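Spelled out from the first residue to the last, the chains are:
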Amino acid sequence: MHKILVVEDDAYISEMLCELLAQNSYETVAAFSGTEALLLLPGGGFSLMLLDLMLPGKSGEQALEEIRGVYNLPVIVLTAKADKETTVKLLRLGADDYLAKPFDNDELLARIAVQLRRVSAGISSPSDDGKLCYKNITLDADAFDAFIGGKRANLSKREYEILRLLISRPQKVFSKNNLYESVWGGEFLGDDNTINVHISHLRAKLAALDPSGEYIQTVWGIGYKMKE
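Residues numbered from 1 in each chain as written. Predicted model: local features only at pLDDT ≥ 70, side-chain atom pairs only at ≥ 80, totals over all residues. Heavy atoms only, no water.

*Asks:* Describe the environment of Ser33, and please don't skip the residues or the numbers.
*Replies:* Structurally, Ser33 can be placed in the loop between strand S2 (27-31) and helix H2 (34-40). For the pair Ser33 and Ala63, spaced 30 residues apart in the sequence, the C-alpha separation amounts to 9.0 Å. (Helix = DSSP H or I, 4+ residues; strand = E, 2+ residues; numbered from the N terminus.)

Okay, structure coming up:
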């Protein structure tokens, strides 16, 4: 059974969401602030998060920024705003999907099912031997090695970390901000060249070992993802 974290400070909406999900065979846990959600995530075994934006303490945006780079679960944002600026910002912060309030229950259930299906279909979970696989790529976290079709790719530390992050959520578009904060561990100050050069080198090394394969896709205006 999939376990969903419902982060919503309105008690009525929270209860309604939990009841709806329970009726559709999901296990739910409710959190009423961004801070509480971050405390519940470690070891919680959640498959997906529903996240409201207007929360006490840490806002939904702040919580989303802290979640990304640490946790790989899909996040569907529930928002009263549906303008283009807000939706682009949410995607760049790391949201997998969004739904404007008031929303249709059937549409919410369909979007949840899509996200869960993408996660289960796109990537193998890390195995007991520390290996992570996607298409023709195998990452060995213990040895810090990457293999393409069984051939070792001589990746730098940054290149390996970029590839690991992209493979961890192959359907997700990672913004340059996501990549820089996760791989370099600092605030992204708009230096596109650093990321562009590393992505270019990584693509070249993957292509050298698998000329017919296409692995990293540019999503113009947002960032990068693994090519399906």
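*Asks:* Describe the nonpolar core, and please don't skip the residues or the numbers.
*Replies:* Counting residues in hydrophobic clusters, the biggest one holds 27 residues, and the most contacted among them are Leu163, Ile216 and Met226. The dominant element in this core, judged by the number of residues it contributes, is helix H6 (residues 157-168), at 6 residues. Counting 19 residues, the second largest nonpolar core, distinct from the first, contains Val7, Leu51, Leu90 and Ala95. (Core = buried A, V, L, I, M, F, W, Y, C linked by side-chain atoms within 4.5 Å. Buried < 20%, exposed > 50% of the residue type's maximum accessible area, 1.4 Å probe, protein only.)

*Asks:* Got a sec to walk through the packing of aromatic side chains? Specific residues and values, please.
*Replies:* Under the criterion given, the structure shown has 0 aromatic pairs. Here Lys3 stacks its cationic end above the ring of Phe46, 5.0 Å away from the centre of that ring. Of note, Lys172 hangs over the ring of Phe174, and the distance from its end group to the ring centre comes to 5.0 Å. (Phe/Tyr/Trp six-rings, centres within 6.5 Å; stacked < 30°, edge-to-face > 60°. Lys NZ or Arg CZ within 6 Å of the ring centre and 35° of its normal.)

*Asks:* Tell me about the side chain of Lys172, and please be specific about residues and values.
*Replies:* Here Lys172 lies in the loop between H6 and strand S10 (174-175). Within the buried core, Lys172 has no salt-bridge partner, and the shortest N-O distance to an opposite charge, that of Asp96, equals 5.2 Å. (Lys, Arg positive; Asp, Glu negative; His and termini not counted. Salt bridge = Lys/Arg side-chain N within 4 Å of Asp/Glu carboxyl O.)

*Asks:* Quick rundown of the sheet that holds strand S5 (residues 97-100)? Include the residues and the values.
*Replies:* Taking strand neighbours across the sheet as the criterion, the 5 strands line up as S2-S1-S3-S4-S5 in an open arrangement whose pairing is parallel. Of all the strands in the sheet, just S2 and S5 have a single pairing partner and so form its edges. Ignoring which end each strand starts from, the neighbouring axes of this sheet average 20° apart. Here strand S1 (residues 3-7) pairs with strand S3 (residues 48-52) via 4 bridges, running parallel. Of the residues in S3, the one forming a bridge with Leu5 is Met49. Sitting on the sheet, helix H3 (residues 60-67) is in contact with S3 and strand S4 (75-79), with an inclination near 150° to S3. (Pairing = 2+ DSSP bridges. Axes fitted to C-alpha atoms, helices over the stretch in contact; angles between N-to-C directions. Contact = heavy atoms within 4.5 Å.)

*Asks:* I'd like a description of unusual backbone geometry, backed by residues and values.
*Replies:* Backbone torsion omega between Lys101 and Pro102 reads -10°, so that peptide bond is classified as cis. You can see Pro102 is positioned in the loop between S5 and helix H5 (105-122). Although it is not a glycine, Ser25 sits at a positive phi angle of roughly 70°. By the element assignment, Ser25 lies in the loop between helix H1 (11-23) and S2. For Ser25, a relative accessible area of 52% puts it in the exposed group. Positive phi is not limited to glycine here, since Lys135 has a value of about 50°. Mapped onto the elements of the fold, Lys135 is located in the loop between strand S6 (131-134) and strand S7 (137-140).

*Asks:* Account for the pairing of strand S12 (residues 223-226), naming residues and giving values.
*Replies:* With 2 bridges connecting them, S10 and S12 associate as antiparallel partners. Residue pairing in the sheet places Ser175 in a bridge with Gly223 of S12. Judged from the 4 bridges that link them, strand S11 (residues 216-219) and S12 form a sheet pairing that is antiparallel. For Ile216, the partnering residue across the bridge sits in S12 and is Met226. Following S11, the chain reverses through 3 residues before pairing antiparallel with S12; Gly221 in that reversal takes a positive phi of roughly 85°.

*Asks:* Outline the pairing of S2, listing residues and values.
*Replies:* Pairing of S1 with S2, which is carried by 5 bridges, proceeds in the parallel orientation. The partner of Ile4 across the bridge, within S2, is Thr28. Following the chain from S1 across H1 to the adjacent parallel S2, one finds a crossover that is right-handed. (Right-handed = clockwise from strand over helix to strand, strands pointing away.)

*Asks:* Any chance you could break down the packing of H6 against helix H8 (residues 192-209) for me, citing the residues and the numbers?
*Replies:* Here H6 crosses H8 at 80°, and the two axes come no closer than 10 Å. What the angle tells us is that H6 and H8 run roughly perpendicular. Contacts between H6 and H8 pair Arg158, Glu159, Ile162 and Leu163 from the former with His198, Ile199, His201, Leu202, Lys205 and Leu206 from the latter. Class assignment of the residues belonging to the contact of H6 with H8 gives a composition of 5 nonpolar, 2 polar and 3 charged. (Parallel < 35°, antiparallel > 145°, perpendicular 65-115°, else oblique. Nonpolar A, V, L, I, M, F, W, Y, C, P; charged D, E, K, R; others polar.)

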